[in-house]
Amino acid sequence: VEGYTLSGQPERIRSHIAGNKKCHVTPCPGPIQAENESESTFQTRLSQFEVARTRCSEKQTQKQERKEKNVELNLLASGTDPRIHTKRQRQASFGETAIYSSTRQDEADIALARAFYSAGISHNVLNNKHVKEALQKVALVGPVYKPLTHNRVNGDLPAPNDMIVNEKVRVKKRIEQRRAVASQCGGTFVSDGATSMNKSPIINGLFVMPGCVEFLEARDFSGKVKDKEAQADFICESILALPDPKACVQVLTDNAVRGAWPLVEARLPWVVCGPCVPHCLDLELEDIGKLPFFCDTISRACKVRKFIRVHQHVLAAYKEIADTMLMQPGATRFCTVYIGMRSLLRNRDATVATFGKSSVVDAVQRAKHQRASPDSPTLETLFYESKDI
């Protein structure tokens, strides 16, 4: 500029011209104007220059960020980044997910399914919420995840690495928290009989709290009489062994222990005894099934179901027609007869069609003379009974 000598970095020169003291330079002593330009026009151009410079700097910053993000994603996909665990956690916190192809997803599903059936694990385990949570956490760790060892899971390592000990500590803390809640709102003691693996009669005792169930004791009653006094002693001793016995305000048992209720309520006045609702409902359904009308229907339904499941030719013909198999629940389940009748009713059309097949008729006729009992149901009787169900 005429009359002045300027030197230094461009930032210092611009500050000198604009009169800005932030760069520790002496402001220009007089207005610096270009030829045929006013001071306002010069300031406008100077502000436009600053805006353009800011935009250029922002674009360069965004470009650099995109480049770094692409490099990071490539490292995550290849599994070579030693900080992959921290990065995946940060991505999950912001709702971002790693980029995996459908091929990798299929390979992971196949490997998991192979692990389940080769180890004899039921696929119903996948419905367990803890299994789902574990698989999600393994996916967050990514390729650097190291599978668990038998020693670590089995509790053979020192305390800091012993998963069994750590899990016991966690469960103990949770139970203590739930006990504090039960002391305010109350809990329920539940007992029921069972048979152990070595055929010993035992009685289990559990303490049900809000959001938690604590197993207290399984007492062996081998060689003892399980009368009302013995039942009352077991219930009272289990409740009094709690840190806060008055946190238990209710006792639920089956009706077989009904005689022990007055004894328990006399020893523990703050406790109320009552029956188990599922047991009561099951007994009511059994009583309903003893009525003549229901008894006849149940008897005919059981004959049809038994005939199909026992005879191989009839069962094979039924499987060709029906989509689902006739249910035959275990003897220990509630509403066993009614569950079987509902299954037979749902497959009524398939059952009727089975008895109408020529292959079934021929097979039954061939085996007709080999019946062990003359009271065995005939094919015609079962056919009409299956239509009447």
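Rules used throughout
Residues numbered from 1 in each chain as written. Predicted model: local features only at pLDDT ≥ 70, side-chain atom pairs only at ≥ 80, totals over all residues. Heavy atoms only, no water. Axes fitted to C-alpha atoms, helices over the stretch in contact; angles between N-to-C directions. Helix = DSSP H or I, 4+ residues; strand = E, 2+ residues; numbered from the N terminus. Parallel < 35°, antiparallel > 145°, perpendicular 65-115°, else oblique. Contact = heavy atoms within 4.5 Å. Nonpolar A, V, L, I, M, F, W, Y, C, P; charged D, E, K, R; others polar. Pairing = 2+ DSSP bridges. Salt bridge = Lys/Arg side-chain N within 4 Å of Asp/Glu carboxyl O. Buried < 20%, exposed > 50% of the residue type's maximum accessible area, 1.4 Å probe, protein only. pLDDT = per-residue confidence, 0-100.

Draft legend 1. Quick look at the packing of helix 11 (residues 292–310) against helix 12 (residues 312–321). Put simply, helix 11 and helix 12 touch, their axes get as near as 5 Å, and they point 95 degrees apart. Overall, the two elements helix 11 and helix 12 adopt an arrangement that is roughly perpendicular. Counted together, Phe-307, Ile-308, Arg-309 and Val-310 of helix 11 and Gln-312, Val-314, Leu-315 and Tyr-318 of helix 12 form the full contact between these two elements. For the contact of helix 11 with helix 12, the class distribution of residues is six nonpolar, one polar and one charged.

Draft legend 2. Here's a closer look at the sheet that holds strand 2 (residues 201–209). Here five strands make up an open sheet; going across it, the order is 3-2-1-4-5 and the pairing mixed. Edge positions in the sheet fall to strand 3 (212–220) and strand 5 (272–275), since each has one partner strand and no second. For this sheet, the mean inter-axis angle between neighbouring strands, taken without regard to orientation, is 25 degrees. Relative to strand 5, strand 4 (residues 248–253) is paired through four bridges, and the arrangement is parallel. Within strand 5, the residue paired with Leu-252 across the bridge is Gly-274. Each of strand 1 (187–195), strand 2 and strand 3 is contacted by helix 7 (residues 163–185), which is oriented at about 70 degrees to strand 2, the strand it contacts most.

Draft legend 3. Structural context of the environment of Arg-348. Note on placement: Arg-348 falls in helix 14 (residues 348–355). Remark: the alpha-carbon pair of Arg-348 and Ala-322, spanning 26 residues in sequence, is separated by 9.4 Å.

Draft legend 4. Molecular detail of the pattern of salt bridges. Enumeration over the complete set of coordinates arrives at eight salt bridges. Residue Glu-167 is joined to Arg-170 by a salt bridge in which the shortest nitrogen-to-oxygen separation is 2.6 Å. Linking Glu-167 with Arg-170, this pair stays in helix 7, spanning three residues, or about one helical turn. The class of Arg-170 is partly exposed, set by a relative accessible area of 44%. A single network of salt bridges, built from pairs that share partners, joins Glu-217, Arg-219 and Glu-237.

Draft legend 5. Quick look at the confidence of the model for the chain. Confidence along the chain averages 75 in pLDDT terms, with 71% of residues attaining 70 or more. Of the regions scoring below 50 in pLDDT, residues 87–100 engages in 21 contacts with residues more than four places distant in sequence or in other chains.

Draft legend 6. Summary view of the side chain of Ser-238. As for its placement among the helices and strands, Ser-238 is situated in helix 8 (residues 228–240). For Ser-238, a relative accessible area of 6% puts it in the buried group. Residues in contact with Ser-238, not counting those within four places in the same chain, are Phe-189, Leu-216 and Glu-217.

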